[in-house]
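What follows is each chain in one-letter form.
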Amino acid sequence: MNDIIYEIQSKIKSKILFNYDMGKSTWFRTGGKAQGYVNVSNLKDLKTIVRYEDKIKYSIIGVGSNLLVRDSGYDGLLIKLGKNFNKIKINKNILSVGAGVLDINLAKFALKNSIKDFEFFTGIPGTVGGAVKMNAGCYGSQTSDNLKRVLVLNSQGKVQYISLKELNLEYRSSKLDKKSIILQADFNFKYSKYDEILKKNNNIKLKREETQPLKEKTSGSTFKNPPNKFAAELIEKSGCKGLQVGDASVSNFHANFIINNGTATATDIEKLGIKVIKRVKEEFGITLEWEIKILGK
């Protein structure tokens with residue numbers, strides 16, 4: 001496998017880091033090593049990597065805010081989209097946002113330009129590409145609300161637009177081909193008053209500070225909300241608050257957050273999540289689904 005990665009490196013300008021400790025690049029600050037990790041700075045390099053899709057396993061990651069790499073590591077190439085995928089432009093009535101743009105930076109750009117209905121991105125950790133892929137949302141809004149289309153690189157190396165209808169975005173999911181890479185998201189938008197947008201942004205920030213363990217090593221919401229239910233409420237009522245495996249624990253502040261208290265392994269975190277799933281299933285007959293993306297054998 002390393003031979004393939006070395007071959008790819010010889011054909012791209014972006015630098016591949018070998019045997020890379022993913023604990024450095026995930027919010028959990030733990031996990032195994034990736035055979036290769038690369039911050040891809042341009043589309044040409046990305047196309048070159050995709051041409052090897054039948055020879056090597058690869059996965060796109062954002063800032064690691066919603067990611068757990070198992071202790072056994074990842075036997076392939078993990079790709080982060082770099083500077084050329086980190087731009088925001090206003091094209092007449094369309095807001096074009098690179099997939100590598102941080103959600104919080106999209107919210108800041110919208111505020112600066114008096115664009116409304118992007119305030120909820122203040123409350124989402126991660127990048128726009130990830131937000132589209134999982135139709136991320138909070139506080140009554142979600143990515144699909146204003147999305148018009150996405151620009152993707154498919155497994156054949158072709159760049160194409162996919163409409164909102166084709167994406168079939170649902171709660172925390174999409175029908176996007178797993179081998180397609182989101183390059184850019186185009187949103188419809190409307191203007192509003194700066195002060196009103198600022199007020200909404202500040203309200204979301206305050207709600208997060210009051211209800212979420214933001215200063216801990218965690219990856220946001222651990223589980224998806226089941227239909228018409230709140231995962232946090234089910235977890236709490238199942239007696240899981242404070243539950244611990246190794247140095248991983250269920251937050252006492254918000255039950256749908258698992259925390260690395262300092263030395264937790266990825267195995268600790270995953271085992272704790274499995275315990276939570278089991279308890280909720282026994283108590284309510286509901287099987288929670290991971291919202292966190294787990295990679296590795």
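Residues numbered from 1 in each chain as written. Predicted model: local features only at pLDDT ≥ 70, side-chain atom pairs only at ≥ 80, totals over all residues. Heavy atoms only, no water.

*Asks:* For this particular structure, what's the right way to read the overall build of the chain?
*Replies:* Within the chain one finds 8 helices and 17 strands. Against the globule reference of 19 Å for 297 residues, the chain gives a C-alpha radius of gyration of 19 Å, in line with a compact fold. In the chain, which comprises 297 residues, the share counted as buried stands at 51%. For the chain, long-range pairs separated by at least 24 residues make up 65% of all intrachain contacts whose partners lie at least 6 apart in sequence. Here the chain carries 49 positive and 30 negative side-chain charges, and the mean point of each set is 5 Å from the other. (Helix = DSSP H or I, 4+ residues; strand = E, 2+ residues; numbered from the N terminus. Rg over C-alpha atoms; globule rule 2.2 N^0.38 Å. Buried < 20%, exposed > 50% of the residue type's maximum accessible area, 1.4 Å probe, protein only. Contact = heavy atoms within 4.5 Å. Lys, Arg positive; Asp, Glu negative; His and termini not counted. Charge placed at Lys NZ, Arg CZ, Asp CG, Glu CD.)

*Asks:* How do you make sense of the pattern of salt bridges when you look at a structure like this?
*Replies:* Two side chains carrying opposite charge are able to pair once their charged atoms lie near each other. Inspection of the entire model under this criterion finds 11 salt bridges. One network of salt bridges, in which partners are shared, links Lys57, Asp75 and Lys297. (Salt bridge = Lys/Arg side-chain N within 4 Å of Asp/Glu carboxyl O.)

*Asks:* So what exactly am I meant to see when it comes to helix H1 (residues 2–9) here?
*Replies:* Within an α-helix, residues lying three or four positions from one another point in the same direction, as the helix has 3.6 residues per turn. Among all positions in H1, only Ile4, Ile5 and Ile8 are buried. Each buried residue of H1 sits inside an arc of 100° when the element is viewed along its axis, so together they form one side. Among the exposed residues of H1, those oriented more than 90 degrees off its buried face are Asp3 and Tyr6. Looking at the buried positions of H1, the neighbouring elements they touch are strand E1 (16–21), strand E2 (33–40), helix H2 (43–50) and strand E5 (74–81). (Arc of directions from axis to C-beta.)

*Asks:* Is there a simple way to think about the side chain of Arg172 in this case?
*Replies:* Mapped onto the fold, Arg172 is located in the loop between helix H5 (164–167) and strand E12 (181–188). For Arg172, a relative accessible area of 13% puts it in the buried group. Within the structure, the side chain of Arg172 is placed 2.8 Å from the backbone oxygen of Gly137, a separation counted as a polar contact. Dropping the residues within four chain positions of it, Arg172 is found in contact with Met134, Asn135, Ala136, Gly137, Cys138, Gln142, Lys224 and Glu291. (Polar contact = N/O pair within 3.5 Å; in protein donor to acceptor, adjacent residues only side chain to side chain.)

*Asks:* Please explain helix H3 (residues 103–112) as it appears in this structure.
*Replies:* Along H3, the residues classified as buried are Asp103, Leu106, Ala107, Ala110 and Leu111. Axial view of H3: buried residues confined to an arc of 135°, hence all on one face. More than 90 degrees from the buried face of H3, the exposed residues found are Lys108 and Lys112. Where H3 is buried, its residues touch strand E6 (88–91), strand E7 (94–98), helix H4 (128–133), E12 and helix H6 (194–211). Of the residues one or two after H3, Ser114 is the one with positive phi, at around 55°.

*Asks:* Could you clarify how one ought to interpret the nonpolar core in this entry?
*Replies:* Buried together is how nonpolar side chains tend to be arranged in soluble globular proteins. One finds Leu106 and Phe187 to be the most contacted residues of the largest nonpolar core, which totals 52 residues. Sequence-distant contacts of Phe187, defined by excluding residues within four places in its chain, comprise Asn93, Ile94, Leu95, Val97, Leu106, Phe118, Phe121, Val128, Thr143, Asn146, Leu147 and Lys148. Counting residues in hydrophobic clusters, the runner-up holds 24 residues, among them Leu68, Ala248, Ile258 and Val276. (Core = buried A, V, L, I, M, F, W, Y, C linked by side-chain atoms within 4.5 Å.)

*Asks:* Any chance you could explain the sheet that holds strand E3 (residues 58–61) here in plain terms?
*Replies:* The pairing of strands in a sheet happens through backbone hydrogen bonds and is either parallel or antiparallel. Pairing within the open sheet is mixed, and its 4 strands lie in the order E1-E2-E5-E3. Unpaired on one side and paired on the other, E1 and E3 mark the two borders of the sheet. Each strand axis lies, on average, 35° off the axis of its neighbour in the sheet, ignoring direction. Each of E1, E2 and E5 is contacted by H1, which is oriented at about 140° to E1, the strand it contacts most. (Pairing = 2+ DSSP bridges. Axes fitted to C-alpha atoms, helices over the stretch in contact; angles between N-to-C directions.)

*Asks:* Hey, could you run me through the environment of Val69 in this one?
*Replies:* Checked against the element boundaries, Val69 lands in strand E4 (residues 67–69). As for Val69 and Ala34, which are separated by 35 residues in sequence, their C-alpha atoms are 8.5 Å apart. When residues no more than four places from it in sequence are discounted, the contact partners of Val69 are Met22, Gly31, Gly32, Tyr74, Leu78, Ala266 and Leu295.

*Asks:* I'm lost on unusual backbone geometry in this one. Help?
*Replies:* It is generally the case that most residues other than glycine have a negative phi and that most peptide bonds are trans. Backbone geometry at Asn135 places phi at a positive 45°, although glycine is not the residue there. Within the secondary structure layout, Asn135 lies in the loop between H4 and strand E8 (137–138). With relative accessibility at 0%, the residue Asn135 sits in the buried group. One non-glycine residue with positive phi stands out, namely Tyr139, at about 50°. Checked against the element boundaries, Tyr139 lands in the loop between E8 and strand E9 (141–142).

*Asks:* Got a minute to help me understand the packing of aromatic side chains in this structure?
*Replies:* How two aromatic rings sit relative to each other is set out by the distance from centre to centre and by the angle between their planes. The full count for this structure, using the stated rule, is 8 aromatic pairs. Summarising the aromatic geometry, the rings of Tyr20 and Tyr37 are spaced 4.4 Å apart at their centres and angled 10° between planes, so their arrangement reads as stacked. Of this pair, Tyr20 sits in strand E1 while Tyr37 sits in strand E2, placing them 17 residues apart in sequence. One exposure class covers both Tyr20 and Tyr37, and it is buried. (Phe/Tyr/Trp six-rings, centres within 6.5 Å; stacked < 30°, edge-to-face > 60°.)

Functional significance is not addressed by these values, which are geometric in nature.
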